[in-house]
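Working through the structure, step by step
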Amino acid sequence: MATPDPDAIWRLLNEARFEEPGEAKVAALERAVEAADAVGDPELVNYALNGLVDAYEFSRDSTRLLVPFARLLRAFDTRPEHFDAYLTRSLYWTFKWIVDSMIEQPDVPLESIEHWLQEMRRRYAEAGYSMHAPAAYEMQLAFHTGDYDRVARAIEALGEAEEDDMSDCTACQYTTLATIVFYAEEDSADAAMEMLEPVLAGEHSCAHEPHYGLALSLLPLVELGRPAEARANHLRGYQMCRGKEDMVPMIALHIEFCALTGNEHRAVEILADHARFFDLDLGVRERQRLLEVAVLTCRRLAALGYADAAVPGPGGREWTAAELHDWAEAERTAICARFDARNGNDHHSRMSGCVVESTPYDEPVHLGLKEPRAVEPPVALAADEPVEGPALDAAIDAAYAAYDACSPDTWKAWLKVGAIADALGIELIAEHRAEIAHAESARADDPEAVEAGLRRAVALFGTAGQPGRALVAEAFLLIHRAETAPEEVRAAAAQIAATALRLRDEHRIDDRSLHTSQVLAMRAEYLTGDPAPDLDARAEALDAELADLPDRRYALIRRCDLLDLRARLTDDTDAKTWLLTAERDVARAADAGWAVARASADLADQVGLTGDFAQAYAITREGLTALGDEPSRTIAAKLHLQAAEFRMREGDHPGTYEHALAASVHCDAVGMTVPGAVARHLMGTALVEMDRRAEAVPILEAALDDLPDSEAWRACNIRFNLAEAYDKQDDTRRGVEHGLAALALMETRPELGRAPLYADTLFLTGELLEKLGEHEHALEVYTRAAEAAEEVGDLTSWARVSRARVWLLRTISGDAAFGEGLQSMAHIAAGLIAERANPEAPEAVRESARFELGETYRQHAQLTFQFLESQAGEPGLRRDEAEPVLDLQRRALAVFRDGPLLLERASLTAHQTMWLLAELGDTAGAVEAGEDALGWLVSPEHAEAREGFVQHLADLRGGGAAGQGGGA
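Heads up: these notes are all about the structure in this document.

So, on to the packing of aromatic side chains. Geometrically, a pair of aromatic rings is defined through the distance of the ring centres and the angle of the planes. Within this structure, the stated rule accounts for 21 aromatic pairs. Centroid distance Tyr 47 to Tyr 86: 5.8 Å. Interplanar angle 5 degrees. Geometry classified as stacked. On the criterion of sequence distance, the pair formed by Tyr 47 in helix H3 (residues 42-57) and Tyr 86 in helix H5 (residues 85-103) is long-range, its members being 39 residues apart. On the basis of relative accessibility, which here comes to 18%, the residue Tyr 47 falls in the buried class. Since its relative accessible area comes to 47%, Tyr 86 is described here as partly exposed.

Applying the stated criterion across every chain, the model contains 80 salt bridges. Linking Asp 54 and Lys 25 is a salt bridge whose minimum nitrogen-to-oxygen distance equals 3.9 Å. In this pair, Asp 54 is assigned in helix H3 and Lys 25 in helix H2 (residues 23-39), connecting sequence segments 29 residues apart. The exposure class of Lys 25 is buried, given its relative accessible area of 8%. A salt bridge links Asp 727 to Lys 771, with the shortest nitrogen-to-oxygen separation between them at 3.0 Å. With Asp 727 in helix H35 (residues 712-728) and Lys 771 in helix H38 (residues 756-771), this pair connects stretches of sequence that are 44 residues apart. Salt bridges sharing partners connect three or more residues here, namely Arg 523, Asp 564, Arg 568, Asp 602, Asp 605 and Lys 638.

Attention shifts here to the state of the cysteines. Note on terminology: disulfide describes a covalent bond linking the sulfur atoms of two cysteines. By the definition in use, this model includes 0 disulfides. Take Cys 560: it sits in no disulfide, and the sulfur closest to it among the cysteines is that of Cys 406, at 11 Å.

Next up on the list: the packing of H2 against H3. Where H2 contacts H3, the two axes come as close as 9 Å, and the packing angle between them is 165 degrees. Of the possible angle classes, the one that applies to H2 and H3 is roughly antiparallel. Here H2 and H3 pass one another in a crossing that is left-handed. Note on element contacts: H3 touches H2 through Leu 44, Val 45, Ala 48, Leu 49, Gly 51, Leu 52, Asp 54, Ala 55 and Tyr 56, opposite Lys 25, Val 26, Leu 29, Glu 30, Ala 32, Val 33, Ala 36, Asp 37 and Val 39. Looking at the contact of H2 with H3 residue by residue, the classes come out as 13 nonpolar, 1 polar and 4 charged.

Our next topic: unusual backbone geometry. The linkage connecting Glu 209 with the following residue, Pro 210, adopts the cis geometry, with an omega of 15 degrees. In this fold, Pro 210 is placed in the loop between helix H10 (189-200) and helix H11 (211-216). Located in the positive-phi region is Asp 187, a residue other than glycine, with phi close to 50 degrees. The phi torsion at Asp 591 lies on the positive side, around 55 degrees, for a residue other than glycine. Take Asp 591: it is sitting in the loop between helix H28 (573-589) and helix H29 (593-609).

Turning our eyes to something else, we now look at empty space enclosed by the protein. Going through the model one piece at a time under the given rule, you end up with 1 cavity of 30 Å³ or more. When its volume is computed, the largest cavity comes out at roughly 70 Å³. Lining the largest cavity are His 132, Ala 136, Met 139, Gln 140, Leu 158, Asp 168, Gln 173, Thr 176 and Leu 177. When residues of the lining of the largest cavity are traced back to their parent elements, those giving at least two are helix H7 (132-145) and helix H9 (170-184). Of all the elements, H7 adds the most residues to the lining of the largest cavity, at 4 residues. The residue inventory of the lining of the largest cavity, partitioned by class, reads 4 nonpolar, 4 polar and 1 charged.

Relative to the assigned elements, Glu 20 resides in the loop between helix H1 (6-16) and H2. The spacing of Glu 20 and Lys 244 is 224 residues in sequence and 9.7 Å in space, taken between C-alpha atoms.

A surface patch of negative charge is lined by Asp 510, Asp 511, Glu 545 and Asp 548. Positionally, Glu 545 belongs in helix H26 (residues 535-547). Its relative accessible area of 34% is what places Glu 545 among the partly exposed residues.

About the thresholds
All residue numbers refer to position in the chain's written sequence, counted from 1. Only residues with pLDDT of at least 70 are given local features in this predicted model, and only at 80 or more are side-chain atom pairs given and counted; all residues enter the totals for whole chains, interfaces and linings. The side-chain numbers reported here are obtained from all heavy atoms of the structure, hydrogens and water having been left aside. For this analysis, a ring pair means two rings from Phe, Tyr or Trp (six-membered ring only for Trp) whose centres lie within 6.5 Å, classed as stacked if their planes differ by under 30 degrees, edge-to-face if by over 60, and tilted for the remaining angles. The secondary structure listing takes helices from DSSP runs of H or I that are at least 4 residues long and strands from runs of E that are at least 2 residues long, numbered from the N terminus. Think of it in three bands: with a 1.4 Å probe and only protein chains considered, a residue is buried below 20% of the maximum accessible area for its type, exposed above 50%, and partly exposed in between. For salt bridges, the criterion is a side-chain nitrogen of Lys or Arg within 4 Å of an Asp or Glu carboxyl oxygen. In this description, the term disulfide denotes a pair of cysteine sulfurs within 2.5 Å. Think of each axis as a best-fit line through the C-alpha atoms, taken over the contacting stretch in the case of a helix, with angles from 0 to 180 degrees between the N-to-C directions. Angle categories: roughly parallel below 35 degrees, roughly antiparallel above 145, roughly perpendicular from 65 to 115, and oblique for all the rest. Crossing handedness follows the turn of the near helix against the far one: under a right angle anticlockwise gives a left-handed crossing, and clockwise gives a right-handed one. In this analysis, two residues are considered to be in contact whenever any of their non-hydrogen atoms come within 4.5 Å of each other. Amino acids are sorted into nonpolar (Ala, Val, Leu, Ile, Met, Phe, Trp, Tyr, Cys and Pro), charged (Asp, Glu, Lys and Arg) and polar (every other residue, Gly among them). Here a cavity denotes a set of grid points, spaced 1 Å apart and computed over the protein atoms alone, in which a 1.4 Å probe fits but from which it cannot get out, and a pocket denotes an open set meeting protein on both sides within 12 Å along at least five of seven lines; residues with an atom within 4 Å of a point are reported as lining. Grid points are joined across faces, edges and corners, and a volume is the space filled by probe spheres set on the points. What goes into a patch is any residue over 30% in relative accessible area without a salt bridge, connected to like charges within 9 Å or, for nonpolar side chains (Val, Leu, Ile, Met, Phe, Trp, Tyr), within 5 Å. With residues, only the protein chains shown are counted as cover, and all accessible areas are computed by Shrake-Rupley using a 1.4 Å probe. When charges are counted, Lys and Arg are positive and Asp and Glu negative, with His and the chain ends excluded. The atoms used to mark charge sites are NZ of Lys, CZ of Arg, CG of Asp and CD of Glu.

This is the structure in structure tokens:
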């Protein structure tokens, strides 16, 4: 076989430096080492080994670096002349990785680790390095073995030693100390967070930070009662480490957080995302962490009654939670035993045990992601609750009292009666069994179960000689069947009304059942979708009858129902508002929080239609306050969703986020899928507006999954935001995918193809395609974007995309594009001048046109300079030939100053003019331009901008401006 080409190996090594960590990079560098060995060049071999060490360190199993490092160290000791400054520094740096990898490998004896730690100290001292790094890794070894006295001594030595080139990056130092403090000390969440703050704030970062810092912060934040920050750090942090084989510890921390904060379903999702990791050749400690959180998650599932739930695991198959628990626990225990045997104590297994035996926090942390629907727990008796005859009597009395008080929890009271009777083995009378059947129907989700319960209640009330209560149950049954059997229900509703009046004449029905059955029958008639024309008149008459009973709470509540019904029947806006206001007043008189909340939700919609979003929001707040802790999740979901919409309209993005989050929780609890998706769309949009795009991505993706075809606009808006967010996260290709998907959907919907969002999405997608180098496709999209913006009259978007198209055409066609480009710039300016002069245009539109006009002049100057410079040839551009460029720059500056000063753009234009004049040899003109700028930067708030011009002028007068900022 031919000897490999050394140049090709060098190229491979150079390219590998910029590859993402992972097994592909490892394999490439393993091949490079083999090829370098075949060539026999010692320096090339050393560089290849060094690259492999680096690849192993940031791979799924960093312990593999021990072998190539040993080769490097032997080579350094025997032939140091083949190590340049870069290789030498890398060698010393790798000592830290070696000690760390040995700690993580239970088959390496402690004596060997101590030997290498001592070797590190010796070699660092000989090379003139500080003992800062050796102290840091002694601290980690002591923490691993549970020798906390030694940890304290190492921390003290760390503080005394001076940091140098061998010290870990500042970000890693902070997170390492935070880890030790949080896990080694009681009540240390505050101290841990204090150490993490500089990393979380972005002051320090590295290849693994803030990824690890974000994950590590989750549990301390929960312990400190800061769930909003924990939620934000999870949403942001998990996106950063998801799927990365070298970030198992971070992924495990996210799973642990979810399993302990009421997000077990999310923990399972993350395990599913990384199920293949079970079958990877991970480092021992990384494998243990994965096993720990798998055991913890499965234990939580079992505690919630889901031991048989499917959980992805090793082998690419579905396991039950119980099966995965037993397998992972056995694996975990075996690994812990190896570490305990090596360390000579049980510290390691005790620390691991603390993870798998953790108890969840008292309060859940709602993430805003989709949660499983809440299951109403069956009514259960407390362990110490007596189940004797008197207890049953008391429960029956309490149920009747709840009924008399019109409590929304009456059905729960009757279910408790049933539970006690079952425990005692007592057969209840028919009336009580009827009430329990009615209560069971109220709890049921399955339509057939609801209907069966109500039919049973009707029959049992009949048996019990309670025709009025039977009629009420029958009316509830009609409401349940109104949409499925409308004609039958309309006839039955009329029959119920007639029967109620007949029973009244026979004195066989009380007032409450009389009125309730009539109101419910009217409600059922309305729900059929085709009520009789006189329904409103009948409802008004019954309302008048009930108004004569102001001291009867049931009458007030039934009046609320009637006013609600009448508001739904009318198309008159004023009448609807009056009826809903009256409903709210009656609900207040009844002291019925849920009724106040329902009326407030409907009234807020009406007020919102007038554009008074502040008042509409105030109404939703009143509704939420009235609702309190009542379990009316459907109403709470609507109120919070309304509040989020109103806050968004008012530009209150934090308020939008908080209300949309609450709405999503309530929607999920009762299975309101589409409203839940709408809530998540609002949450994600608010996060985007707050420049928290990393958090927004998983929220928006969750919303996208649940939106129906009827919400096409919302889906397109979500994809637009995702396209932008992914680009900000340096995943431009995925951003393009969302942009193209949004365009494909909009182009099937004519109404969306004419909306401003279409033009904006075209523009954004064109920018992303250009960034990916797909220039021809980007040019085609830019052209469509300009046409779309012009069609909808969005001059700002039209100007921006038209300019972008000019520059892209220049990239594609080179000098041949100058003619079209210069004409386009002039055309753009003409359109903006006309818009700016249009007296009928809103002030905001004219001001936007002013900015775009100035920017067009500025970019026109840049393009003109490039054109003139290409025409000037070898001698270069003369001062007099550059006058068109300077004229355009003067125009741009005049526009930026004509009105409220557009400081950033005006300053940029003035600096560019100074650079151009200096480059053309007109230093005096450049100085004059700078002094002119100082003249319009006299306000105190412009102090920073003045400093920039003062420095620029000093450079010019000192002869240092030549060559700066070439071009316009």
